Amino acid sequence: MNRYFIRRILETIPLMLVISIFVFMFIHLIPGDPARTIAGLDAEESEVQAIREEYDLDKPLVIQYVKYMGKLFHGNMGQSMKSGTPVTELILTRMKTTLKLVFAGILWAPALGIFIGVISAIKRGKALDHACMFLAISGLSAPGFWLGLMGIQIFSVQLGWLPSGGLDSWKGMVLPSFTMGCSIMAVLARYSRSSMLETL
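Residues numbered from 1 in each chain as written. Predicted model: local features only at pLDDT ≥ 70, side-chain atom pairs only at ≥ 80, totals over all residues. Heavy atoms only, no water.

Engineer: Describe helix 7 (residues 144-158), and please don't skip the residues or the numbers.
Structural biologist: Its 15 residues place the ends of helix 7 20 Å apart at the C-alpha level, agreeing with the 21 Å of an ideal helix rising 1.5 Å per residue. All of the buried residues in helix 7 are Leu147, Gly148, Gly151 and Ser156. In this structure, the buried side of helix 7 is in contact with helix 8 (171-199). Positive backbone phi, at 70°, marks Gly160, one or two positions downstream of helix 7. (Helix = DSSP H or I, 4+ residues; strand = E, 2+ residues; numbered from the N terminus. Expected span 1.5 Å × (residues − 1). Buried < 20%, exposed > 50% of the residue type's maximum accessible area, 1.4 Å probe, protein only. Contact = heavy atoms within 4.5 Å.)

Engineer: Which residues make up the side chain of Ser20, and what are the values?
Structural biologist: Relative to the elements of secondary structure, Ser20 occurs in helix 1 (residues 2-29). On the accessibility criterion, Ser20 (12% relative accessible area) is buried. Of the polar contacts made by the side chain of Ser20, one reaches the side chain of Tyr65; its length is 2.7 Å. The residues touching Ser20, leaving out its near neighbours within four places in the chain, are Tyr65 and Met69. (Polar contact = N/O pair within 3.5 Å; in protein donor to acceptor, adjacent residues only side chain to side chain.)

So this is what it looks like as structure tokens:
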């Protein structure tokens, strides 16, 4: 088991490297001059050139990429072009809310997924089994953004049961945690059904 995890981690390293190269190149293919964007449209050419030198935008792409990866390995993700705040700081300020949503999704998704899987296995071949598996496959196949939009449309706009945004109360956690946990629930429902059938 340890060998499997080690092998999977080692396989992930080159994949992440390739993804980082594609993302880096994609950003440079976007039309526009980042230095001009930072300096402003009314800035003089000398100011724009100074920003290019400050952010190494005047260097070849290979050198830019190596420096970018070097900073990334040291935890430096650069600064926001909009606010000038370090990106690491921006991520950390939003981490609390993200962890809340993840924790809320992890709380209900495994319990409901296992429950659906067990019920489906007990009622194998019957209408309830088909309904449960349809629910599981739908939860696995439907994109998260679509589930979120449908949840807002039904439970916020039409029924008015839940808020469409904000985390001021527990009600605000329901829709986003449902959207995040739906795929976990669907996977566990299918695994639970297979394991339960094997046991039976």
